[in-house]
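Observations on chain architecture
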Amino acid sequence: MTDFSAPVADATANWVDTYAPLWARPYLRLARMDRPIGTWLLLMPCLWSAALAAGVADNLSHLPSTLILFAIGALVMRGAGCTWNDITDRDLDAKVERTRSRPIPAGQVTAKQAVVFLALQLLVGLGVLLQFNWFAVATGIASLIVVVVYPFMKRITYWPQAVLGLAFSWGALMGFAVILARIDAAALWLYAGSIAWVIGYDTIYAHQDTEDDALIGVKSTALLFGKNTRSWLALFYGLAVILIGAALWSAGAGLPAWLGLAVFAAHLVSQIIRLRIADSTLCLRLFRGNRDAGLLLFAGLVIDALVRAWS
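Presented here is a report on the structure given in the accompanying data block. (Residues numbered from 1 in each chain as written. Predicted model: local features only at pLDDT ≥ 70, side-chain atom pairs only at ≥ 80, totals over all residues. Heavy atoms only, no water.)

This next bit is on the overall build of the protein chain. The secondary structure content of the protein chain amounts to 17 helices and zero strands. Here the protein chain has a C-alpha radius of gyration of 19 Å; the compact-globule value for 311 residues is 19 Å, and the two agree. The C-alpha extent of the protein chain, read off along each of the three principal axes, is 65 × 45 × 35 Å. Counting over 311 residues, the protein chain shows a buried share of 55%. (Helix = DSSP H or I, 4+ residues; strand = E, 2+ residues; numbered from the N terminus. Rg over C-alpha atoms; globule rule 2.2 N^0.38 Å. Buried < 20%, exposed > 50% of the residue type's maximum accessible area, 1.4 Å probe, protein only.)

A contiguous nonpolar patch, built from Val116, Leu120, Leu122, Leu123, Leu126, Leu130, Trp134, Ile141 and Leu144 and spanning about 880 Å² of accessible area, is present on the exposed surface. The set of elements that each furnish at least two residues to the nonpolar patch consists of helix H6 (111-129) and helix H7 (134-142). Broken down by element, the residue count for the nonpolar patch peaks at five residues, all from H6. The residue Trp134 is located in helix H7 in this model. Taking relative accessible area as the criterion, Trp134 reaches 68% and is therefore assigned exposed. (Patch = residues over 30% accessible without salt bridge, like charges linked within 9 Å, V, L, I, M, F, W, Y side chains within 5 Å. Areas by Shrake-Rupley, 256 points an atom, 1.4 Å probe, with all protein chains shown as cover. Salt bridge = Lys/Arg side-chain N within 4 Å of Asp/Glu carboxyl O.)

Let's shift gears to the packing of helix H3 (residues 37-57) against helix H10 (residues 171-179). At a minimum axis separation of 7 Å, H3 and H10 run at an interaxial angle of 35°. Seen along the crossing, H3 lies across H10 with a hand that is right-handed. Every residue of H10 that contacts H3 at Pro45, Cys46, Ser49, Ala50, Leu52, Ala53, Ala54, Val56 and Ala57 is listed here: Gly171, Ala172, Leu173, Met174, Gly175, Phe176 and Ile179. Here the contact of H3 with H10 is built from residues that sort into 13 nonpolar, three polar and no charged. (Axes fitted to C-alpha atoms, helices over the stretch in contact; angles between N-to-C directions. Left-handed = near helix turned anticlockwise from the far one by under 90°. Contact = heavy atoms within 4.5 Å. Nonpolar A, V, L, I, M, F, W, Y, C, P; charged D, E, K, R; others polar.)

Once that is clear, we can look at helix H16 (residues 280-288). By the burial criterion, the buried members of H16 are Leu282, Cys283, Leu284, Leu286 and Phe287. Where H16 is buried, its residues touch H3, helix H11 (185-206), helix H15 (255-274) and helix H17 (290-310). Between the side-chain oxygen at the start of H16 and the backbone nitrogen of Thr281 there is a gap of 3.2 Å, and the oxygen is on Asp279. (Polar contact = N/O pair within 3.5 Å; in protein donor to acceptor, adjacent residues only side chain to side chain.)

This part covers the packing of helix H8 (residues 144-153) against helix H9 (residues 160-168). One way to put it is that H8 packs onto H9 with a least axis distance of 9 Å and a crossing angle of 165°. Classified by the angle their axes make, H8 and H9 are roughly antiparallel. Read as a crossing pair, H8 and H9 show a hand that is left-handed. Contacts between H8 and H9 pair Val146, Val147, Val149, Tyr150 and Met153 from the former with Pro160, Val163, Leu164, Leu166 and Ala167 from the latter. Here the contact of H8 with H9 is built from residues that sort into ten nonpolar, no polar and no charged. (Parallel < 35°, antiparallel > 145°, perpendicular 65-115°, else oblique.)

Turning to its location among the elements, Cys46 is positioned in helix H3. Cys46 sits in the buried class, given a relative accessible area of 10%. Through-space distance from the C-alpha of Cys46 to that of Phe70 is 6.7 Å; in sequence the pair is 24 residues apart. Look past the residues within four positions of Cys46 in its chain and what remains in contact with it is Phe70, Gly171 and Ala172.

A full pass over the atoms with the stated rule returns nine salt bridges. For Asp34, the salt bridge goes to Arg35, with nearest N and O atoms at 3.7 Å. The class of Arg35 is buried, set by a relative accessible area of 8%. In this structure, Arg182 engages Asp184 in a salt bridge whose closest nitrogen and oxygen atoms are separated by 2.6 Å. Salt bridges linked by common partners bring Arg32, Asp86 and Arg102 together as one network.

Under the defined criterion, the tally for this structure stands at 16 aromatic pairs. Plain terms: the ring middles of Trp159 and Phe225 are 5.5 Å apart, the flat faces sit at 70° to each other, and that makes the pair edge-to-face. You can see Trp159 sitting in the loop between H8 and H9 and its partner Phe225 sitting in helix H13 (residues 221-225), a full 66 residues away along the chain. For Trp159, a relative accessible area of 29% translates into the label partly exposed. According to the relative accessible area criterion, Phe225 is buried, its value standing at 4%. With a centroid separation of 6.1 Å and 20° between ring planes, the pair formed by Trp232 and Phe236 is classed as stacked. Remark: Phe236 and Trp232 occur in helix H14 (residues 229-250); sequence separation between them is four residues, near one turn of the helix. (Phe/Tyr/Trp six-rings, centres within 6.5 Å; stacked < 30°, edge-to-face > 60°.)

Rendered as structure tokens:
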């Protein structure tokens, strides 16, 4: 008999394993409700873009509702992306120590049941997307192309983190699409900067699995960079700060936004200094710290938008 109470190896001590009904736990684990950090990281570029676009518009009237819808959309679509990833990776996950306890390889959910759950999540995501203008709807739907191909990239390239960056950074375009019904140069700079940021933090995350990945033939930037990871991390985090700075300049952002970027940059520098690629616990902690880095930047952008709207 399948044990629905058995937790995922790297997601212990969470509300799903403690409070959720037994029948719901495998599905909540598929959607990563037991690990909210991914939702936060998917949401960050959405928050940045919405705040920056509101500053460009000198109008905050639509910002609160946009942020709420973005939060719901990030929660649902991150869950859908993870469900798709688990469906496509079910055989690989069974071979990796950290992932073999996920619902599908653990036998808690069948692949067919996961597909039905995926469809339900996509319907909810579509419902959220339809609250926006048609340009934003089209922009959001276009992101699915990258989401669909991402799980297969680790089989063919050492740069799956770059493809993840394309998917996880899409929100940098969505804020402008929703609030301004267009995509400015600032949005493109922000998108590029977010991609560099994602490559950096997901490389840190991937160092948890390098031994297993090497054995089963899965590729990653962590394997590619190896002992040179700190130098590569400095490159990508440095690019992230420069490109996001270009977005702020292009959008005519003020001092609060630049201060937010400075604190964001300081957080990234601390990650580079502290990184020890052989320490999986530290890698996970540094990876999770990027939520706080993103929120610091967001705070600066919101304050700047408020100052611009009231001046």
